[in-house]
Amino acid sequence: MTTGHLTVIDMQRVFAAPDSPWATPRFAEAAQGVRRLLPAFGDRVTFTRFVAPEQPAGAWQAYYAQWPFALQPPDAPLWHLTDDFAATAQHVVDAPTFGKWTPQLAARAGLEGPLYLAGVSTDCCVLSTALPAADAGVEVVVVADACAGADDESHAKALQLLSLYRPLVRVSTVAEVLGETAA
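Residues numbered from 1 in each chain as written. Predicted model: local features only at pLDDT ≥ 70, side-chain atom pairs only at ≥ 80, totals over all residues. Heavy atoms only, no water.

Structural notes on the pattern of salt bridges
Pairing is possible between side chains that carry opposite charge, provided their charged atoms lie close to one another. Note the cut-off: Any Lys or Arg side-chain nitrogen found within 4 Å of a carboxyl oxygen on Asp or Glu counts as a salt bridge. Throughout, exposure labels follow a simple rule: accessible area from a 1.4 Å probe, protein chains only, divided by the maximum for the residue type, with under 20% read as buried, over 50% as exposed, and the rest as partly exposed.
Applying the stated criterion to the full structure yields eight salt bridges. Linking Glu29 and Arg26 is a salt bridge whose minimum nitrogen-to-oxygen distance equals 2.9 Å. Residue Glu29 is classed as partly exposed on the basis of its relative accessible area of 44%. The network of salt bridges with shared partners includes Arg26, Glu29 and Asp152.

Structural notes on helix α6 (residues 122–135)
Under the convention used in this document: The numbering of helices and of strands both runs from the N terminus, where a helix is a DSSP run of H or I of at least 4 residues and a strand a run of E of at least 2. Expected span, for any helix, means 1.5 Å times one less than how many residues it has. Here, residues are in contact when the closest pair of their heavy atoms is within 4.5 Å.
Relative to the 20 Å expected for 14 residues at 1.5 Å per residue, α6 spans 18 Å between its end C-alpha atoms, a close match to the ideal helical length. Buried within α6 are the following residues: Thr122, Cys125, Val126, Leu127, Thr129, Ala130, Ala133 and Ala134. Of the surrounding elements, those touching the buried residues of α6 are β1 (5–9), α5 (103–109), β4 (115–120), β5 (140–148), α7 (152–163) and β6 (169–172). One or two residues past the end of α6 sits Gly137, with phi positive at roughly 95°.

What about the packing of α6 against α7?
We apply this condition: Each axis is a line fitted through C-alpha atoms, taken for helices only over the stretch in contact, and angles between the N-to-C directions span 0 to 180 degrees. The cut-offs work like this: below 35 degrees is roughly parallel, past 145 is roughly antiparallel, 65 to 115 is roughly perpendicular, and the gaps in between are oblique. Take the far helix as the reference: if the near one is turned anticlockwise from it by less than a right angle, the crossing is left-handed, and if turned clockwise, right-handed.
Here α6 crosses α7 at 15°, and the two axes come no closer than 9 Å. Overall, the two elements α6 and α7 adopt an arrangement that is roughly parallel. The crossing of α6 and α7 is right-handed. On α7, the residues touching Thr122, Asp123, Leu127, Ala130 and Leu131 of α6 are Ser154, His155, Ala158, Leu159, Leu161 and Leu162.

Functional significance is not addressed by these values, which are geometric in nature.
Next comes the structure, spelled out in structure tokens:
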């Protein structure tokens, strides 16, 4: 088993459903990578959920004016984790922000790292979680093939951008992470 903590970002119905305005085209591939990672981390896994705020404030008002379908309470079905993860997710952190590096996640994951990130979308919530965690001094490892972006080009660009933050942020693969955990 590995040291560190795995954070699985926003593997929710709203990003999985093909007919959702926020569908992530390679969600199923990212989910496959996440499933491969889970056993290596045991209880050191936190799932996150993006949820709408009760009352959007500031720039979020314009955001939700563009996406009014999403203004639903946290218990609405669109915000549920997909069935394959809902059954096993013991620790879940909700946030009404793209970035999930909240005080709750920091307390759960710790500052010692490494913090492994997987989920969706690479170019939004994964990126927005990685950078504040790195700023807090946590070693961040983004598991590229356990993530998916809004599209392939956005995914690749986000990974390229994240690579610029070495050594604070490292981009890796499921096989590399599992190899690290076996060592």
